[in-house]
Amino acid sequence: MTESSQTTESSFRQTPLTQWHIARGARLAEFAGYQMPIQYSSIVPEHLATRTGAGLFDISHMARLRLEGPRSGLLLDHLLTRRVTDLQVGQVRYSLMCNAEGGILDDVLVSYLESPSGQQYHLLVVNAGNHAKISKWLQPHLADYPDVACHDVTASTAMIALQGPKAVEIIQRLFPENPGRMPRLKYYRATVALQMGKPAIVSRTGYTGEDGFEIIVRAEDAVRVWENLLMAGREFGIEPVGLGARDTLRLEAGMPLYGHELSEQIDPITAGLSFAVNFKDRSFIGDEALLAKSQQKPLVQRVGLKLTGRRAAREGATVLDTDNREIGQVTSGTFSPTLQTPIAMAYISAEMAKVGTAVVVDIRGSKADAEIVALPFYKANAQ
Amino acid sequence: MNPENLKYNESHEWVGLTSENGQQVAVVGITDFAIQQLTDLVYMELPKIGAQVVQGQQFGEVESVKAVSPLYSPVTGKVVAVHSELADQLEGLASDPYDNGWLIKVEMAAGATIDNLLDYAAYQKQCAS
């Protein structure tokens, strides 16, 4: 057995909550250049707390870019696979950023918000691992739109996800002067609010398949808000949740993760994200390549796999048909804490991608029977 | 088995010598510390009876929700018993890693030794560092 080394001091970047995680005894590891909590207790109890009560996640490593100026929407429209200019204040949209070949540079959330002073702006939330790449990608486009300013607010803010069936009851306690406000916030809506007199951006979004919220606060307010949420959630069984369970939760929810299901070698059509590509009456970087893709039959497709036995198929495992022919590869896999069975996502030949097809997964030389199943693996009751 | 009388791999497997039916056997398991580090165990792949194991070489693997870790044999010889029921009782392994948590029993090859492994004090020191 080999054990991963554990350090509490390192040259990696910290979030405004890293010292809290260390004090709490979390197991930390480097992720996208940040020192992040992998688990506080362990993955399974943190995962189940999120499914049954609430989980609290430090996602401050995600990059936050604020685009201001009258043409910020037009600029983003040119860069993103979905229209942005039609967003109403308070709307959030999932989209992809592609290169000219249609390869996925990142998957992002765009919110259209209004500051307390009445200024409207777009907030782009980018994967931590793509922070530098996307900042660089934006540069020449920003130069074409001199009236648009891009402020990287990642370091000056923190981002906290509150996820789970009890999230709505917990968050309202943080806004006692208007407890009905956050429960009224609809799915994929966001609002700028004052929390204890300090600015907070609250959106009804998440990456777990549960109801929940993502909250952006100033870095100096992060620990207070985090602890207030833990306190408010105590009676609902809230737990701080590390990146380990964040991964098992998103996998059960069938959500792709950049670097696994998504990359510059994969286009949104192949990834099963056609809903996030809009061609009508607009042009954007990669549109021609993607239009061509969308008119062809795809060669490979992203699918869900349910395996027999207890061994998980991990990234890179080969998927075979029942005649032992290679048909694809696993991109993420784990033992599902909710379903108590191994699950995986994979790219496989389109003709083999039909739900119900029996396949075989080669797990380090031993074969496990598997079945192609519909995504997501898990769906929350009330959403 | 009393952990103080066992020998240890740096990779957290333990081995203890005992006598069964007048035969000396080496009992192999993984340490409490390892189980605490791994967390959320879901599966264990163990060799079959009769398989040869070699000191320092992989003889199986243990899988948690998070990852798969190889198991390295602390001893050279032939597997004479396998704790196959353990696969369904991985939760119980944590409570009793040194007795009911044994993984395999090995009939040591002629000339094989465990004297080169860490003793309890040295292993404790490694875990504390």
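Source: prediction; values computed, not measured.

Participant: What's the story with the domain arrangement of chain A in this structure? I'm lost.
Facilitator: It is common to give the size of an interface as the accessible area lost on bringing the parts into contact. Residue and element names in this part refer to chain A. What the domain assignment reports for chain A is domain 1 (18–57 + 156–252), domain 2 (63–152) and domain 3 (297–373). Computed from C-alpha coordinates alone, the two centres of domain 1 and domain 2 are separated by 24 Å. Contact residues are listed per partner, giving 14 residues for domain 1 and 16 residues for domain 2. Surface buried jointly by domain 1 and domain 2 totals about 1,200 Å² across both partners, of which 67% is contributed by carbon and sulfur atoms. It is Tyr188, Ala190 and Val192 that lose the most area in domain 1 upon contact with domain 2, and together they represent 39% of the buried surface on that side. Linking domain 1 with domain 2 are zero salt bridges, by the criterion used here. At the boundary of domain 1 and domain 2, one finds three residue pairs in polar contact (both at pLDDT 80 or more). Put simply, the parts of the chain that give the side of domain 1 that touches domain 2 at least two residues each are strand 9 (157–163), strand 10 (190–195), strand 11 (198–203) and strand 12 (212–218). In terms of residue class, the side of domain 1 that touches domain 2 is made up of eight nonpolar, four polar and two charged.

Participant: What is the right way to look at the interface of chain A and chain B in this model?
Facilitator: Residue-level contacts link 20 residues of chain A with 27 residues of chain B. At the boundary of chain A with chain B, total buried surface from both sides reaches about 1,900 Å², with 48% on carbon and sulfur atoms. For the pair chain A and chain B, the interface holds three salt bridges. Connecting chain A to chain B are 15 residue pairs in polar contact (both at pLDDT 80 or more). Looking at the side of chain A that touches chain B, the elements with two or more residues in it are strand 2 (34–39), helix 2 (43–52) and strand 16 (326–336) of chain A. Ranked by the residues each element gives to the side of chain A that touches chain B, the list is headed by helix 2 of chain A, at three residues. Per-class residue counts for the side of chain A that touches chain B are seven nonpolar, seven polar and six charged.

Participant: Hey, could you run me through the packing of aromatic side chains in this one?
Facilitator: What characterises a pair of aromatic rings is the spacing of the ring centres plus the angle enclosed by the ring planes. Residues and elements named next belong to chain A. Applying the stated criterion to the full structure yields eight aromatic pairs over all chains. Arranged with centres 5.5 Å apart and planes meeting at 70 degrees, the rings of Trp20 and Trp226 form a pair that is edge-to-face. Of this pair, Trp20 sits in helix 1 (residues 18–24) while Trp226 sits in helix 7 (residues 222–233), placing them 206 residues apart in sequence. A relative accessible area of 14% places Trp20 in the buried class. We classify Trp226 as buried; its relative accessible area is 0%. With centroids separated by 6.0 Å and ring planes inclined at 20 degrees, the aromatic side chains of Tyr94 and Phe275 adopt a geometry described as stacked. Here Phe275 lies in the loop between helix 8 (243–252) and helix 9 (287–295) and Tyr94 lies in strand 5 (residues 92–98), a separation of 181 residues in the sequence. Looking at Arg51, its charged tip hangs above the ring of Tyr378, at a distance of 3.8 Å from the centre.

Participant: How should I be thinking about the packing of helix 3 (residues 72–79) of chain A against helix 4 (residues 131–144) of chain A in this particular structure?
Facilitator: Each packed pair of helices is defined by two parameters, the angle between the axes and the distance between the axes. All names here are of chain A. At a closest axis distance of 11 Å, the pairing of helix 3 and helix 4 adopts a crossing angle of 130 degrees. Looking at the two axes, helix 3 sits oblique to helix 4. As helix 3 packs across helix 4, the resulting crossing turns out to be right-handed. Contact with helix 3, carried on its side by Leu75, His78 and Leu79, involves Trp137, Leu138, His141 and Leu142 of helix 4 and no other residues of that element. When grouped by side-chain class, the residues that make up the contact of helix 3 with helix 4 number five nonpolar, two polar and no charged.

Participant: I would appreciate a short explanation of the nonpolar core in the present structure.
Facilitator: Most often, soluble globular proteins keep nonpolar side chains buried together rather than apart. Counting 38 residues, the largest nonpolar core has A:Tyr94, A:Leu96, A:Ile104, A:Leu123, A:Leu262 and A:Ala271 as its most contacted members. Sorting the residues of this core by element identifies helix 2, strand 5, strand 6 (104–114), strand 7 (120–126), strand 9 and helix 8 of chain A together with strand 4 (41–45) of chain B as the ones contributing at least two each. Setting aside chain neighbours within four positions, we find A:Leu123 in contact with A:Arg64, A:Leu65, A:Arg66, A:Leu109, A:Val110, A:Ser111, A:Leu113, A:Ile201 and A:Ile216. If you look at the next biggest cluster of nonpolar residues, it comprises 31 residues, including A:Trp20, A:Leu185, A:Ile215 and A:Phe236.

The rules behind the values
Residues numbered from 1 in each chain as written. Chains lettered and ligands numbered in written order. Predicted model: local features only at pLDDT ≥ 70, side-chain atom pairs only at ≥ 80, totals over all residues. Heavy atoms only, no water. Domains from an automatic or database assignment. Contact = heavy atoms within 4.5 Å. Buried area = accessible area lost by both parts, 1.4 Å probe. Salt bridge = Lys/Arg side-chain N within 4 Å of Asp/Glu carboxyl O. Polar contact = N/O pair within 3.5 Å; in protein donor to acceptor, adjacent residues only side chain to side chain. Helix = DSSP H or I, 4+ residues; strand = E, 2+ residues; numbered from the N terminus. Nonpolar A, V, L, I, M, F, W, Y, C, P; charged D, E, K, R; others polar. Phe/Tyr/Trp six-rings, centres within 6.5 Å; stacked < 30°, edge-to-face > 60°. Buried < 20%, exposed > 50% of the residue type's maximum accessible area, 1.4 Å probe, protein only. Lys NZ or Arg CZ within 6 Å of the ring centre and 35° of its normal. Axes fitted to C-alpha atoms, helices over the stretch in contact; angles between N-to-C directions. Parallel < 35°, antiparallel > 145°, perpendicular 65-115°, else oblique. Left-handed = near helix turned anticlockwise from the far one by under 90°. Core = buried A, V, L, I, M, F, W, Y, C linked by side-chain atoms within 4.5 Å.

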